[in-house]
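Summary of structural features
Single-letter residue listing:
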Amino acid sequence: MYAALKSIGAYIPEKVLTNKDFETMVDTTDEWIVKRTGIKERHIAAKDELTSDMGVEAAKIAIQRAGLKINDIDMIVCATISPDYLCMPSTACVIASKLGRTNVTAFDISAACTGFIYALAVAKAFIESGMKKNVLIVGAEKLSAIVDYDDRTTCVLFGDGAGAAVVSATKKRSEAITDIHISADGNYGDLLMTPGCGVKHPCSENIVEEKLCTMKMKGNETFKIAVRTLTSDVVNILNDNGLDAQEIKHFIPHQANYRIIKAVGDALKMSSDQVVLTVHKYGNTSSASIPMAMNDIWENGRLQQGDTMLLDAFGGGLTWGSALLPFAGKPAK
Ligand code: ACO
């Protein structure tokens, strides 16, 4: 039995925060943000809109596009670093409940921006082992809830949203997810972290006052490792599978920074029509960024059945990963 990605869906919150808006909030300019990151705007969830709510909306679309009903789903995996609750219940359990699905395997994955690729690997393993048939994977983030809007070095980067996909068992080799690499190096954990409100620094007045429950990033150091790691990871997965970068139809990298994406694309000599870009309109949505980007090219008709996709992500942990797979769902157009 093989595992195939059968559908994609996404949810993008309505409210838009532009670079101009940030000019009134912190010492920054539209010019700096565009030049250093490529980001022009990002979407922000409503106050009462939770990570699970966005995940549910994306999930409903993905399940419907896979031609399935919620009771056909036998496992739900949610990748997120902005869960509804710090410890429990998991956001996957909340999503299951909101979808009306009980008695189902459900759990979260914490691998920051690489979360969706980790979830895809888990779905593939469960399906190939024969344990599950239809796995719903969700990448959902309300990063606006864990951003320090007084810190110009991080607040301009992040946005909210969700993406979801259904991975199903198939006997057709041509539909199968070809390969996935997932990896981590915890020695660099301090480059990108939310230091407070875990067991190390339990929630207290001090922790809240110092905003230690928000994301802190050593951006410049992270940038250099990101370019190096993303490039070598993609080279390795292509080599392992005897493919040239030019044979990839859609390169869908994590959308953190246009300069990182361009550096990796250039190193691989990819043309601009191979590289999927959404960072300008969504910013960095961590685990949601790859499925949101995949949904974009599906909805505009660019992603067709059988197209080879190469996913590549890097994030806090540090974690990184890549995936090589055909799109096994129906096209939108
Ligand atoms: N507006 C204006 N100036 C700013 C801003 C801002 N919003 N932010 C920083 N600056 C200033 C800095 O203070 C610094 O000033 P100084 O030279 O006087 O000290 C200057 O700009 C340069 O700062 P750098 O941090 O060196 O800027 P850099 O070019 O590296 O860009 C950025 C910063 C965009 C964060 C970049 O380093 C980056 O994208 N890093 C990687 C992010 C990433 O991939 N993270 C992993 C995934 S995210 C996840 O897992 C959740």
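Quick notes on the rules
Residues numbered from 1 in each chain as written. Predicted model: local features only at pLDDT ≥ 70, side-chain atom pairs only at ≥ 80, totals over all residues. Heavy atoms only, no water. Near = heavy atom within 4 Å. Polar contact = N/O pair within 3.5 Å; in protein donor to acceptor, adjacent residues only side chain to side chain. Areas by Shrake-Rupley, 256 points an atom, 1.4 Å probe, with all protein chains shown as cover. Helix = DSSP H or I, 4+ residues; strand = E, 2+ residues; numbered from the N terminus. Nonpolar A, V, L, I, M, F, W, Y, C, P; charged D, E, K, R; others polar. Domains from an automatic or database assignment. Pairing = 2+ DSSP bridges. Axes fitted to C-alpha atoms, helices over the stretch in contact; angles between N-to-C directions. Contact = heavy atoms within 4.5 Å. Buried < 20%, exposed > 50% of the residue type's maximum accessible area, 1.4 Å probe, protein only. Lys, Arg positive; Asp, Glu negative; His and termini not counted. Salt bridge = Lys/Arg side-chain N within 4 Å of Asp/Glu carboxyl O. Buried area = accessible area lost by both parts, 1.4 Å probe.

Neighbouring the ligand are 29 residues; Thr-28, Arg-36, Cys-113, Arg-152 and Asn-257 lie closest to it. Here a nitrogen atom of the ligand sits 2.6 Å away from a polar atom, N or O, in the side chain of Thr-28. For the ligand, a nitrogen atom lies 2.9 Å from a polar atom in the backbone of Arg-152. Protein chains shield 76% of the accessible area of the ligand, which is 1000 Å² for the free molecule. With four residues, helix H8 (residues 219-240) is the largest single contributor of residues to the shell around the ligand. Each residue belonging to the shell around the ligand can be placed in one class, and the counts come to 13 nonpolar, 12 polar and four charged. Two domains each donate at least three residues to the shell around the ligand, and these are domain 1 (2-173) and domain 2 (179-326).

So, on to the sheet that holds strand E12 (residues 308-315). Ordered by their spatial adjacency, four strands build an open sheet running E8-E13-E12-E11, and the pairing between neighbours is mixed. The open sheet has two free edges, formed respectively by strand E8 (179-184) and strand E11 (250-253), since each of these has just one partner strand. Across this sheet, the average inter-strand angle for adjacent strands is 10°, counted without regard to direction. Both E8 and strand E13 (residues 319-326) contribute to a ladder of six bridges, which runs antiparallel. Bridge pairing in E13 places Ile-182 opposite Gly-321. Sheet strands in contact with H8 are E8, E11, E12 and E13, and its direction is about 150° off that of E12.

All right, on to the side chain of Arg-42 then. By the secondary structure assignment, Arg-42 is in strand E3 (residues 41-44). Buried and unpaired, Arg-42 has no salt bridge, with Asp-21 as the nearest side chain of opposite charge at 6.7 Å. At a separation of 2.8 Å, a polar atom in the side chain of Arg-42 contacts the side chain of Asn-19. A polar side-chain atom of Arg-42 sits 2.8 Å from the main-chain carbonyl oxygen of Val-156.

Attention now moves to the sheet that holds strand E5 (residues 105-109). On the basis of which strands lie adjacent, the open sheet formed by five strands has the order E1-E7-E6-E4-E5 and mixed pairing. Both outer strands of the open sheet, strand E1 (2-11) and E5, are each paired with one neighbouring strand and no more. Within this sheet the neighbouring strands show an average axis-to-axis angle of 20°, counted without direction. Pairing of strand E6 (residues 134-142) with strand E7 (residues 160-170), which is carried by nine bridges, proceeds in the antiparallel orientation. Its bridge partner lying in E7, Val-135 is registered against Val-167. In the packing of helix H3 (residues 51-65) onto the sheet, the strands contacted are E1, E6 and E7, and the crossing angle to E1 comes to about 125°. Along the sheet, helix H5 (residues 115-128) contacts E1, strand E4 (75-79), E5, E6 and E7; its crossing angle with E6, the most-contacted strand, is approximately 165°.

So, on to the environment of Leu-143. Take Leu-143: it is sitting in the loop between E6 and helix H6 (152-155). Overall, the relative accessible area of 0% leaves Leu-143 in the buried class. Along the chain, Leu-143 and Leu-157 lie 14 residues apart, while their C-alpha atoms are 10.0 Å from each other.

A few words on the domain arrangement of the chain. Segmentation of the chain into domains returns domain 1 (2-173) and domain 2 (179-326). When each unit is reduced to the centre of its C-alpha atoms, the spacing between domain 1 and domain 2 is 14 Å. Contact residues are listed per partner, giving 47 residues for domain 1 and 47 residues for domain 2. If you sort the residues of domain 1 by the area they bury against domain 2, Ile-8, Cys-113 and Ile-117 come out on top, with a joint share of 17%. Counting the contacts that link domain 1 with domain 2 gives four salt bridges. With its nearest N and O atoms 2.8 Å apart, the salt bridge here joins Arg-65 to Glu-299. Among the secondary structure elements, those contributing two or more residues to the side of domain 1 that touches domain 2 are E1, helix H2 (30-37), E3, H5, E6 and E7. Ranked by residue count, the leading element in the side of domain 1 that touches domain 2 is H5, at seven residues.

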